[in-house]
Amino acid sequence: RMLCTQLAHAIENDELEVHYQVQKSLTDDSIRGYEALLRWTHPTLGPISPGVFIPLAEANGLIVELGEWVLRRACAKAAEWEEPHGIAVNLSAVQLAQPDLPGLIRTILHETGLAGRRLELELTETALVRDRARSLRIMGEIKALGVRVALDDFGTGYSSLETLRLFPIDRIKLDRSFVDELSGNETVTPFVAAVLALGRSLSIPVLAEGIETDAQLALLRSQACEEGQGYFLGRPGPPSLVFADSWSAR
Ligand code: G
Ligand code: G
Ligand code: MN
Ligand code: NA
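You'll find the protein chain entered in an unreviewed UniProt entry as EAL domain-containing protein, with Pararhizobium mangrovi given as the organism.

Structural data, given as C-alpha coordinates:
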(Lines give C-alpha, C1' and ligand atoms only; values in the text may rest on other atoms or scores of the structure.)
(Ligands and ions follow the chains in the order given, each with its own letter.)
Protein backbone atom coordinates (compact mmCIF):
# COMPACT_ATOMS: atom_id res chain seq x y z
CA ARG A 1 0.00 0.00 0.00
CA MET A 2 0.86 3.65 0.13
CA LEU A 3 2.20 3.39 3.65
CA CYS A 4 4.70 0.79 2.40
CA THR A 5 6.00 3.09 -0.31
CA GLN A 6 6.37 5.89 2.19
CA LEU A 7 8.11 3.66 4.69
CA ALA A 8 10.60 2.78 1.97
CA HIS A 9 11.65 6.44 1.90
CA ALA A 10 11.48 7.06 5.62
CA ILE A 11 15.23 6.67 6.15
CA GLU A 12 16.30 9.11 3.42
CA ASN A 13 13.51 11.52 4.41
CA ASP A 14 14.82 11.53 7.96
CA GLU A 15 11.50 10.39 9.43
CA LEU A 16 12.92 7.63 11.62
CA GLU A 17 14.29 7.92 15.11
CA VAL A 18 15.64 5.49 17.64
CA HIS A 19 14.20 5.88 21.11
CA TYR A 20 15.74 4.32 24.20
CA GLN A 21 14.20 2.75 27.28
CA VAL A 22 16.19 2.04 30.40
CA GLN A 23 16.65 -1.48 31.80
CA LYS A 24 17.47 -1.59 35.50
CA SER A 25 18.73 -4.01 38.09
CA LEU A 26 15.96 -4.58 40.63
CA THR A 27 18.52 -5.53 43.25
CA ASP A 28 20.44 -2.27 43.42
CA ASP A 29 18.62 0.06 40.98
CA SER A 30 21.67 0.38 38.78
CA ILE A 31 21.21 0.88 35.05
CA ARG A 32 21.92 -2.26 33.08
CA GLY A 33 21.41 -0.78 29.67
CA TYR A 34 18.83 0.49 27.24
CA GLU A 35 16.51 -1.07 24.67
CA ALA A 36 16.49 0.60 21.26
CA LEU A 37 12.98 1.14 19.91
CA LEU A 38 12.31 2.34 16.38
CA ARG A 39 9.95 5.26 15.86
CA TRP A 40 8.46 6.58 12.62
CA THR A 41 6.91 10.01 12.30
CA HIS A 42 4.95 10.16 9.06
CA PRO A 43 4.98 13.66 7.46
CA THR A 44 1.18 14.01 7.45
CA LEU A 45 -0.17 11.15 9.59
CA GLY A 46 2.21 11.80 12.48
CA PRO A 47 3.63 9.00 14.65
CA ILE A 48 2.88 5.50 13.34
CA SER A 49 3.04 2.70 15.89
CA PRO A 50 5.81 0.13 15.40
CA GLY A 51 3.07 -2.42 16.03
CA VAL A 52 1.75 -1.27 12.65
CA PHE A 53 4.83 -0.53 10.56
CA ILE A 54 7.17 -3.31 11.77
CA PRO A 55 4.82 -6.07 10.49
CA LEU A 56 4.48 -4.13 7.21
CA ALA A 57 8.26 -3.89 6.91
CA GLU A 58 8.59 -7.60 7.68
CA ALA A 59 6.06 -8.50 5.01
CA ASN A 60 7.79 -6.56 2.24
CA GLY A 61 11.38 -7.16 3.30
CA LEU A 62 12.08 -3.52 4.19
CA ILE A 63 12.82 -4.66 7.74
CA VAL A 64 16.28 -5.73 6.57
CA GLU A 65 17.24 -2.17 5.69
CA LEU A 66 15.43 -0.64 8.69
CA GLY A 67 16.92 -3.21 11.04
CA GLU A 68 20.43 -2.50 9.81
CA TRP A 69 19.82 1.22 10.26
CA VAL A 70 18.62 0.76 13.85
CA LEU A 71 21.51 -1.55 14.71
CA ARG A 72 24.09 0.90 13.36
CA ARG A 73 22.47 3.90 15.08
CA ALA A 74 22.02 2.13 18.40
CA CYS A 75 25.56 0.73 18.48
CA ALA A 76 27.03 4.13 17.61
CA LYS A 77 25.02 5.69 20.44
CA ALA A 78 26.02 3.00 22.93
CA ALA A 79 29.68 3.46 22.05
CA GLU A 80 29.38 6.98 23.57
CA TRP A 81 28.29 5.61 26.96
CA GLU A 82 30.54 4.51 29.75
CA GLU A 83 30.87 0.84 30.55
CA PRO A 84 29.15 -1.28 31.49
CA HIS A 85 25.89 0.04 30.02
CA GLY A 86 24.77 -2.06 27.11
CA ILE A 87 22.33 -1.70 24.27
CA ALA A 88 19.54 -4.16 23.44
CA VAL A 89 18.28 -4.24 19.86
CA ASN A 90 15.21 -6.11 18.59
CA LEU A 91 15.80 -8.44 15.70
CA SER A 92 13.08 -9.71 13.40
CA ALA A 93 12.86 -13.30 12.15
CA VAL A 94 13.41 -11.90 8.67
CA GLN A 95 16.78 -10.48 9.73
CA LEU A 96 17.74 -13.78 11.30
CA ALA A 97 17.10 -15.42 7.93
CA GLN A 98 19.49 -13.08 6.08
CA PRO A 99 22.55 -14.77 4.59
CA ASP A 100 25.20 -13.05 6.66
CA LEU A 101 23.76 -11.58 9.84
CA PRO A 102 26.88 -12.37 11.93
CA GLY A 103 29.03 -10.63 9.30
CA LEU A 104 26.82 -7.54 9.40
CA ILE A 105 27.01 -7.43 13.18
CA ARG A 106 30.78 -7.83 13.13
CA THR A 107 31.05 -4.95 10.63
CA ILE A 108 28.83 -2.67 12.69
CA LEU A 109 30.72 -3.42 15.91
CA HIS A 110 33.94 -2.68 14.11
CA GLU A 111 32.64 0.57 12.55
CA THR A 112 31.23 1.89 15.80
CA GLY A 113 33.97 0.59 18.10
CA LEU A 114 31.40 -1.00 20.41
CA ALA A 115 32.57 -4.06 22.33
CA GLY A 116 30.49 -7.11 21.43
CA ARG A 117 29.65 -7.82 25.08
CA ARG A 118 27.76 -4.51 25.24
CA LEU A 119 25.33 -5.53 22.51
CA GLU A 120 22.34 -7.73 23.25
CA LEU A 121 20.01 -8.96 20.52
CA GLU A 122 16.37 -9.50 21.44
CA LEU A 123 14.85 -12.44 19.62
CA THR A 124 11.46 -14.06 20.04
CA GLU A 125 10.96 -17.78 20.35
CA THR A 126 8.93 -17.70 17.17
CA ALA A 127 11.91 -16.28 15.28
CA LEU A 128 14.34 -18.83 16.72
CA VAL A 129 12.31 -21.98 16.10
CA ARG A 130 11.50 -21.22 12.48
CA ASP A 131 14.65 -23.09 11.46
CA ARG A 132 16.26 -24.46 14.61
CA ALA A 133 19.45 -25.80 13.08
CA ARG A 134 20.13 -22.58 11.26
CA SER A 135 19.26 -20.42 14.28
CA LEU A 136 21.65 -22.46 16.42
CA ARG A 137 24.50 -22.02 13.98
CA ILE A 138 23.90 -18.27 13.61
CA MET A 139 23.59 -17.86 17.33
CA GLY A 140 26.93 -19.61 17.77
CA GLU A 141 28.56 -17.18 15.35
CA ILE A 142 26.92 -14.18 17.03
CA LYS A 143 28.01 -15.32 20.47
CA ALA A 144 31.55 -15.83 19.22
CA LEU A 145 31.58 -12.02 18.78
CA GLY A 146 30.78 -11.68 22.48
CA VAL A 147 27.24 -10.51 21.67
CA ARG A 148 24.47 -11.62 24.03
CA VAL A 149 21.03 -12.95 23.19
CA ALA A 150 17.80 -12.22 25.07
CA LEU A 151 14.59 -14.18 24.63
CA ASP A 152 11.95 -11.46 24.10
CA ASP A 153 8.24 -11.67 24.97
CA PHE A 154 8.88 -14.86 26.94
CA GLY A 155 5.77 -16.82 27.74
CA THR A 156 3.80 -15.82 24.67
CA GLY A 157 5.43 -18.26 22.24
CA TYR A 158 4.62 -21.92 21.72
CA SER A 159 7.71 -23.76 22.88
CA SER A 160 9.28 -21.87 25.74
CA LEU A 161 10.95 -24.78 27.47
CA GLU A 162 12.39 -26.28 24.35
CA THR A 163 13.82 -22.93 23.28
CA LEU A 164 15.59 -22.61 26.62
CA ARG A 165 16.81 -26.18 26.40
CA LEU A 166 18.26 -25.80 22.91
CA PHE A 167 19.56 -22.25 22.70
CA PRO A 168 22.27 -20.52 24.74
CA ILE A 169 20.08 -17.69 26.03
CA ASP A 170 21.66 -14.96 28.21
CA ARG A 171 18.49 -13.32 29.47
CA ILE A 172 14.77 -14.06 29.64
CA LYS A 173 12.44 -11.11 29.05
CA LEU A 174 9.19 -11.95 30.78
CA ASP A 175 6.39 -10.63 28.57
CA ARG A 176 4.54 -7.65 29.95
CA SER A 177 1.17 -9.42 29.82
CA PHE A 178 2.36 -11.45 32.84
CA VAL A 179 3.47 -8.34 34.70
CA ASP A 180 0.01 -6.85 33.98
CA GLU A 181 -1.48 -9.81 35.86
CA LEU A 182 0.30 -8.73 39.02
CA SER A 183 -1.95 -5.68 39.31
CA GLY A 184 -4.15 -5.86 42.38
CA ASN A 185 -2.50 -9.03 43.64
CA GLU A 186 -0.89 -9.33 47.05
CA THR A 187 1.47 -12.07 46.01
CA VAL A 188 3.13 -12.84 42.75
CA THR A 189 0.99 -14.96 40.39
CA PRO A 190 1.92 -18.63 39.83
CA PHE A 191 3.12 -18.16 36.29
CA VAL A 192 5.45 -15.31 37.16
CA ALA A 193 6.77 -17.29 40.12
CA ALA A 194 7.35 -20.29 37.87
CA VAL A 195 9.30 -18.30 35.28
CA LEU A 196 11.45 -16.70 37.97
CA ALA A 197 12.17 -20.15 39.43
CA LEU A 198 12.94 -21.48 35.96
CA GLY A 199 15.41 -18.66 35.33
CA ARG A 200 17.09 -19.32 38.66
CA SER A 201 17.44 -23.03 38.11
CA LEU A 202 18.93 -22.40 34.66
CA SER A 203 21.08 -19.50 35.94
CA ILE A 204 19.50 -17.18 33.39
CA PRO A 205 18.56 -13.72 34.70
CA VAL A 206 14.93 -12.71 34.16
CA LEU A 207 13.98 -9.17 33.14
CA ALA A 208 10.33 -8.27 33.74
CA GLU A 209 8.87 -6.06 31.00
CA GLY A 210 6.12 -3.48 31.26
CA ILE A 211 6.45 -2.56 34.94
CA GLU A 212 3.96 0.29 35.30
CA THR A 213 3.38 0.53 39.06
CA ASP A 214 5.19 0.64 42.34
CA ALA A 215 3.15 -2.39 43.48
CA GLN A 216 4.25 -4.51 40.50
CA LEU A 217 7.85 -3.54 41.15
CA ALA A 218 7.60 -4.46 44.84
CA LEU A 219 6.10 -7.87 44.06
CA LEU A 220 8.80 -8.65 41.52
CA ARG A 221 11.49 -7.55 43.97
CA SER A 222 10.00 -9.72 46.69
CA GLN A 223 10.52 -12.70 44.38
CA ALA A 224 14.11 -11.70 43.57
CA CYS A 225 13.40 -10.91 39.92
CA GLU A 226 16.80 -9.66 38.72
CA GLU A 227 15.92 -6.90 36.26
CA GLY A 228 13.10 -4.73 35.04
CA GLN A 229 11.89 -2.36 32.38
CA GLY A 230 8.70 -0.34 32.00
CA TYR A 231 7.06 3.06 32.25
CA PHE A 232 7.48 3.09 36.05
CA LEU A 233 11.25 2.77 35.70
CA GLY A 234 11.57 4.95 32.63
CA ARG A 235 9.61 5.71 29.47
CA PRO A 236 11.19 5.23 26.07
CA GLY A 237 12.32 8.53 24.60
CA PRO A 238 14.83 10.27 22.35
CA PRO A 239 18.45 10.47 23.55
CA SER A 240 18.08 14.16 24.42
CA LEU A 241 15.47 13.27 27.07
CA VAL A 242 16.56 9.82 28.20
CA PHE A 243 20.25 10.50 28.66
CA ALA A 244 19.91 14.02 30.06
CA ASP A 245 20.25 12.82 33.65
CA SER A 246 21.41 9.25 33.21
CA TRP A 247 24.99 9.86 34.33
CA SER A 248 23.96 11.12 37.74
CA ALA A 249 21.41 8.29 38.02
CA ARG A 250 24.06 5.71 37.38
O1 G B 1 7.65 0.53 21.11
P2 G B 1 6.48 -0.43 20.97
O3 G B 1 6.11 -1.20 22.23
O4 G B 1 5.28 0.26 20.43
O5 G B 1 6.91 -1.54 19.91
C6 G B 1 6.02 -2.44 19.38
C7 G B 1 6.75 -3.61 18.81
O8 G B 1 7.72 -3.18 17.84
C9 G B 1 7.51 -4.40 19.87
O10 G B 1 7.22 -5.76 19.68
C11 G B 1 8.95 -4.13 19.57
O12 G B 1 9.75 -5.25 19.87
C13 G B 1 8.93 -3.84 18.08
N14 G B 1 10.08 -3.02 17.68
C15 G B 1 10.40 -1.78 18.10
N16 G B 1 11.56 -1.38 17.52
C17 G B 1 11.98 -2.41 16.74
C18 G B 1 13.11 -2.62 15.89
O19 G B 1 14.02 -1.80 15.77
N20 G B 1 13.16 -3.81 15.22
C21 G B 1 12.21 -4.77 15.35
N22 G B 1 12.34 -5.89 14.65
N23 G B 1 11.13 -4.61 16.15
C24 G B 1 11.02 -3.45 16.84
O1 G C 1 8.14 -6.64 22.05
P2 G C 1 9.00 -5.73 22.86
O3 G C 1 9.18 -6.23 24.24
O4 G C 1 10.33 -5.41 22.21
O5 G C 1 8.22 -4.38 23.02
C6 G C 1 8.71 -3.33 23.76
C7 G C 1 7.68 -2.26 23.72
O8 G C 1 6.94 -2.19 24.96
C9 G C 1 8.29 -0.90 23.53
O10 G C 1 7.97 -0.50 22.26
C11 G C 1 7.65 0.01 24.54
O12 G C 1 7.06 1.14 23.93
C13 G C 1 6.60 -0.85 25.21
N14 G C 1 6.64 -0.62 26.63
C15 G C 1 7.72 -0.37 27.39
N16 G C 1 7.40 -0.23 28.69
C17 G C 1 6.07 -0.39 28.76
C18 G C 1 5.14 -0.36 29.84
O19 G C 1 5.48 -0.16 31.02
N20 G C 1 3.84 -0.58 29.53
C21 G C 1 3.42 -0.81 28.25
N22 G C 1 2.12 -1.01 28.05
N23 G C 1 4.27 -0.85 27.21
C24 G C 1 5.57 -0.65 27.45
MN1 MN D 1 12.05 -6.12 22.93
NA1 NA E 1 9.15 -7.93 24.78
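**Student:** Help me out: how do you make sense of the environment of Ser25 in this one?
**Tutor:** Mapped onto the secondary structure, Ser25 falls in strand β1 (residues 16–25). Given 14 C-beta atoms within 10 Å, Ser25 falls into the partly exposed group. Here the alpha-carbon distance between Ser25 and Arg221, two residues 196 residues apart in the chain, equals 10.0 Å. Excluding its chain neighbours within four sequence positions, the residues that come into contact with Ser25 are Ser30, Arg32, Glu226 and Glu227.

**Student:** Explain the site of ligand 2 here, please?
**Tutor:** Of all residues adjacent to ligand 2, which total 14 residues, the nearest are Leu37, Gly210, Glu212, Gly230 and Tyr231. Grouping the constituent residues of the shell around ligand 2 by class yields four nonpolar, four polar and six charged.

**Student:** Help me understand the nonpolar core, please; the structure alone is not making it clear to me.
**Tutor:** Generally speaking, soluble globular proteins have nonpolar side chains that are buried together. In terms of nonpolar packing, the biggest core is built from 59 residues, with Ala36, Ala74, Ile87, Val89 and Leu174 touching the most fellow members. Top contributing element to this core by residue count: helix α3 (residues 63–78), with seven residues. When sequence neighbours within four positions are dropped, the list of residues in contact with Val89 reads Ala36, Val70, Leu71, Ala74, Leu119, Leu121 and Glu122.

Cut-offs and rules
Residues numbered from 1 in each chain as written. Chains lettered and ligands numbered in written order. Predicted model: local features only at pLDDT ≥ 70, side-chain atom pairs only at ≥ 80, totals over all residues. Helix = DSSP H or I, 4+ residues; strand = E, 2+ residues; numbered from the N terminus. Buried ≥ 20, exposed ≤ 12 C-beta atoms within 10 Å, placed from the backbone. Contact = placed C-beta atoms within 7 Å. Near = placed C-beta within 6 Å. Nonpolar A, V, L, I, M, F, W, Y, C, P; charged D, E, K, R; others polar. Core = buried A, V, L, I, M, F, W, Y, C linked by C-beta atoms within 7 Å.

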